[in-house]
Amino acid sequence: MASSLLTVVQIYSWIGLGVAAVFLLWGVDRVMAAARGAYAFRPLLLPGVVLLWPLVLWRWLQLERSQDLRPANYRPPRRLQDGLALGLAVVLPILLLGALLVRQDGPFERPAQQLAAPTAEESSQ
């Protein structure tokens, strides 16, 4: 059972490496116009493409067949991103300060304790 599972994972990985090689050399330029000439980031995409190669192939084929999907690919939700950034800039400091206020005791409120090596009786048990 384990050897057959390992064989399936190896086959999946080899197919993923092949798809990743083809996609990262030729396909990413066709799918994303912003990726043309940008070769430094492509090795960063390699693990994701290897793991998600069926989805990458499906999306690549969809974009190649239909020109209608291309404009939707280049309209990121900017307003949502701006709102989330502002919200996180406000919420995260409030959460951090709240966590500091409700902690039970910190390193300065507790008296220091002298640490000692275990005695011979304690170490033999």
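Colleague: Break down the layout of surface pockets for me, with residues and values.
Modeller: Rolled over the atoms, a probe with the dimensions of a water molecule shows which regions are left empty. Counted as a void, the largest pocket has a volume near 200 Å³. Every residue lining the largest pocket is counted, eleven residues in all, and those nearest its centre are Phe 23, Val 28, Val 31, Met 32 and Val 56. Among the residues forming the lining of the largest pocket, the class breakdown is nine nonpolar, one polar and one charged.

Colleague: So what about helix H2 (residues 42-51)? Which residues, and what values?
Modeller: Of the residues making up H2, those classed as buried are Arg 42, Val 49 and Val 50. Down the axis, H2 shows its buried residues gathered within 95° of arc, on one side only. More than 90 degrees from the buried face of H2, the exposed residues found are Leu 44 and Leu 51. Residues of H2 that are buried sit in contact with helix H1 (2-31) and helix H3 (53-65).

Colleague: I'd like a rundown of the nonpolar core, residues and numbers included.
Modeller: Ranked by size, the top nonpolar core spans eleven residues in total: Ala 20, Phe 23, Leu 24, Val 28, Val 31, Ala 35, Val 49, Val 50, Val 56, Trp 60 and Leu 63. Counting residues per element, the ones that place at least two in this core are H1, H2 and H3. Considering each element in turn, this core owes the most residues, five residues, to H1. If near-sequence neighbours (up to four positions away) are discounted, Ala 35 is found in contact with Val 28, Asp 29, Phe 41 and Arg 42.

Colleague: Could you give an account of the side chain of Arg 42, with specific residues and numbers?
Modeller: Relative to the helices and strands, Arg 42 resides in helix H2. Judged by relative accessible area, which is 5%, Arg 42 ranks as buried. A polar atom in the side chain of Arg 42 sits 2.7 Å from the backbone oxygen of Leu 24.

Colleague: Describe a nonpolar patch on the surface, and please don't skip the residues or the numbers.
Modeller: Side chains of Leu 86, Leu 88, Val 90, Val 91, Leu 92, Ile 94 and Leu 95 sit close together on the surface and give an oily, nonpolar patch of about 680 Å² of accessible area. Its place among the elements puts Leu 88 in helix H5 (residues 78-102). For Leu 88, a relative accessible area of 48% translates into the label partly exposed.

Thresholds, definitions, all that
Residues numbered from 1 in each chain as written. Predicted model: local features only at pLDDT ≥ 70, side-chain atom pairs only at ≥ 80, totals over all residues. Heavy atoms only, no water. 1 Å grid on protein atoms, 1.4 Å probe; cavity = no way out; pocket = protein on both sides within 12 Å on 5 of 7 lines; lining within 4 Å. Points joined across faces, edges and corners; volume = space filled by probe spheres on them. Nonpolar A, V, L, I, M, F, W, Y, C, P; charged D, E, K, R; others polar. Buried < 20%, exposed > 50% of the residue type's maximum accessible area, 1.4 Å probe, protein only. Helix = DSSP H or I, 4+ residues; strand = E, 2+ residues; numbered from the N terminus. Arc of directions from axis to C-beta. Contact = heavy atoms within 4.5 Å. Core = buried A, V, L, I, M, F, W, Y, C linked by side-chain atoms within 4.5 Å. Polar contact = N/O pair within 3.5 Å; in protein donor to acceptor, adjacent residues only side chain to side chain. Patch = residues over 30% accessible without salt bridge, like charges linked within 9 Å, V, L, I, M, F, W, Y side chains within 5 Å. Areas by Shrake-Rupley, 256 points an atom, 1.4 Å probe, with all protein chains shown as cover. Salt bridge = Lys/Arg side-chain N within 4 Å of Asp/Glu carboxyl O.

Nothing here speaks to function; it is all geometry.
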